[in-house]
Amino acid sequence: EPEVTQTPSHQVTQMGQEVILRCVPISNHLYFYWYRQILGQKVEFLVSFYNNEISEKSEIFDDQFSVERPDGSNFTLKIRSTKLEDSAMYFCASSEVRGDEQFFGPGTRLTVL
Amino acid sequence: GESVGLHLPTLSVQEGDNSIINCAYSNSASDYFIWYKQESGKGPQFIIDIRSNMDKRQGQRVTVLLNKTVKHLSLQIAATQPGDSAVYFCAENTNSGYALNFGKGTSLLVTP
């Protein structure tokens, strides 16, 4: 069964450093998403991406964040200058149709020291 | 602001019993609802969904009920098994929207 994959599974970084989280969405899906989950809290939407541009973003997704689809298979989330409060699980998701089931990856645990 | 929320943060049931997890939503424009299961250290896993033109939908051992009048959603798990132990999230969206709005989650613990 096709699935969303994410790398790395765990990323540790120093405050102020840049990180890139990587995702490979399901191959025939056209809509891509990033969510985050701070430990013990609910899953929060960050951004959606369709047709090589951001289609929607939340208040969390400020100028420190960016997304890119550098090739036909990868979808990345970059945090330019990490802060302590960026520590969370980051989930990538994809869907075939807008407003339909979103399939989630296993997540990347980001720890900012 | 508008939000999706859960009535109970934790639920403990005996193996073999039925479980009911509840969710309230406040956005009257929401027309698509999903239940996700999240096991420790893993991403949300789709369980079942329902659109606003339906009141009930059944899957394998799971049933989702939607009451649009009171903006309430529930997940029923029949014959709960130890493998059902996880955190369950409801999420809502609109057909024209992109973002899923998640509730806070209910932790289901199945005891033998």
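Here we summarise the structure given alongside this text. (Residues numbered from 1 in each chain as written. Chains lettered and ligands numbered in written order. Predicted model: local features only at pLDDT ≥ 70, side-chain atom pairs only at ≥ 80, totals over all residues. Heavy atoms only, no water.)

### Looking at the overall build of chain A
Right, on to step 1. Assigned secondary structure in chain A consists of zero helices and 11 strands.
Right, on to step 2. For chain A, the sequential pattern of α-helices and β-strands runs β-β-β-β-β-β-β-β-β-β-β.
Right, on to step 3. Rg of the C-alpha trace for chain A: 13 Å, near the compact-globule value of 13 Å for 113 residues, within the 12% margin.
Right, on to step 4. Seen through its principal axes, chain A has C-alpha atoms that stretch 35 × 30 × 25 Å.
Right, on to step 5. A total of 113 residues make up chain A; the buried ones form 43% of that total.
Right, on to step 6. Here the analysis covers contacts within chain A between residues at least 6 apart in sequence; of these, 54% occur between residues at least 24 apart.
Right, on to step 7. Accessible surface computed for chain A: about 5700 Å², of which carbon and sulfur atoms make up 45%.
Right, on to step 8. Of the charged side chains in chain A, 10 are positive and 16 negative; the average position of the first set lies 5 Å away from that of the second. (Helix = DSSP H or I, 4+ residues; strand = E, 2+ residues; numbered from the N terminus. Rg over C-alpha atoms; globule rule 2.2 N^0.38 Å. Buried < 20%, exposed > 50% of the residue type's maximum accessible area, 1.4 Å probe, protein only. Contact = heavy atoms within 4.5 Å. Areas by Shrake-Rupley, 256 points an atom, 1.4 Å probe, with all protein chains shown as cover. Lys, Arg positive; Asp, Glu negative; His and termini not counted. Charge placed at Lys NZ, Arg CZ, Asp CG, Glu CD.)

### A closer look at the side chain of Thr80(B)
Residues and elements named next belong to chain B.
Right, on to step 1. In this fold, threonine 80 is placed in the loop between strand E8 (72-77) and strand E9 (86-93).
Right, on to step 2. Threonine 80 sits in the buried class, given a relative accessible area of 0%.
Right, on to step 3. At 2.6 Å, the side chain of threonine 80 and the backbone oxygen of aspartate 17 are in polar contact.
Right, on to step 4. Apart from the residues within four sequence positions on either side, threonine 80 is in contact with Val13, Glu15, Gly16, Asp17, Asn18, Ser19, Arg61, Leu108 and Val110. (Polar contact = N/O pair within 3.5 Å; in protein donor to acceptor, adjacent residues only side chain to side chain.)

### Topic: the state of the cysteines
Residue and element names in this part refer to chain A.
Right, on to step 1. As enumerated under the stated definition, the model contains two disulfides over all chains in all.
Right, on to step 2. Cysteine 23 shares a disulfide with cysteine 92; S-S distance 2.0 Å. Taking the torsion about the S-S bond as the criterion, the cysteine 23 to cysteine 92 disulfide, at about -65°, is left-handed. Placement of the pair is cysteine 23 in strand E3 (residues 19-24) and cysteine 92 in strand E9 (residues 88-95), with a sequence separation of 69 residues.
Right, on to step 3. For cysteine 23, a relative accessible area of 1% corresponds to the buried category.
Right, on to step 4. Relative accessible area serves as the criterion here: at 0%, cysteine 92 is assigned to the buried category. (Disulfide = S-S within 2.5 Å.)

### Let's talk about the pairing of strand E7 (residues 62-67) of chain B
All names here are of chain B.
Right, on to step 1. Note: strand E6 (residues 56-58) against E7, three bridges, orientation antiparallel. From the neighbouring strand, glutamine 58 faces E7, where its bridge partner is threonine 63.
Right, on to step 2. Between the antiparallel neighbours E6 and E7 lie three residues, among them arginine 61 with a positive phi of about 65°.
Right, on to step 3. Pairing of E7 with E8 involves six bridges; the strand directions are antiparallel. Bridge pairing in E8 places leucine 66 opposite leucine 73.
Right, on to step 4. Count of turn residues in the E7/E8 antiparallel hairpin: four residues, of which lysine 71 carries a positive phi of about 55°. (Pairing = 2+ DSSP bridges.)

### Notes on the interface of chain A and chain B
Right, on to step 1. Listed per partner, the contact involves 19 residues of chain A and 24 residues of chain B.
Right, on to step 2. Counting every contact that joins chain A to chain B gives one salt bridge.
Right, on to step 3. In this structure, the connection of chain A to chain B is made through 11 residue pairs in polar contact (both at pLDDT 80 or more).
Right, on to step 4. At the level of elements, strand E4 (31-37), strand E5 (44-50) and strand E6 (53-57) of chain A are the ones that each hand at least two residues to the side of chain A that touches chain B.
Right, on to step 5. No other element matches the four residues that E4(A) contributes to the side of chain A that touches chain B.
Right, on to step 6. Classifying every residue of the side of chain A that touches chain B gives eight nonpolar, six polar and five charged. (Salt bridge = Lys/Arg side-chain N within 4 Å of Asp/Glu carboxyl O. Nonpolar A, V, L, I, M, F, W, Y, C, P; charged D, E, K, R; others polar.)

### A look at the pattern of salt bridges
All names here are of chain B.
Right, on to step 1. Considering all chains together, one arrives at six salt bridges over all chains under this definition.
Right, on to step 2. Note that glutamate 39 is salt-bridged to lysine 42, the shortest N-O span being 3.8 Å.
Right, on to step 3. Looking at lysine 42, the relative accessible area reads 46%, which means it is partly exposed.
Right, on to step 4. Measuring nitrogen to oxygen at the nearest pair gives 2.9 Å for the salt bridge that ties aspartate 84 to arginine 61.

### Notes on the packing of aromatic side chains
Residues and elements named next belong to chain B.
Right, on to step 1. Here the structure, examined in full by the defined rule, presents 17 aromatic pairs over all chains.
Right, on to step 2. Judged by centre distance (6.5 Å) and plane angle (80°), the rings of tyrosine 36 and phenylalanine 46 are edge-to-face. Linking tyrosine 36 in strand E4 (residues 32-38) with phenylalanine 46 in strand E5 (residues 45-51), this pair joins segments that are 10 residues apart in sequence. (Phe/Tyr/Trp six-rings, centres within 6.5 Å; stacked < 30°, edge-to-face > 60°.)

Shape descriptors only; they carry no functional weight alone.
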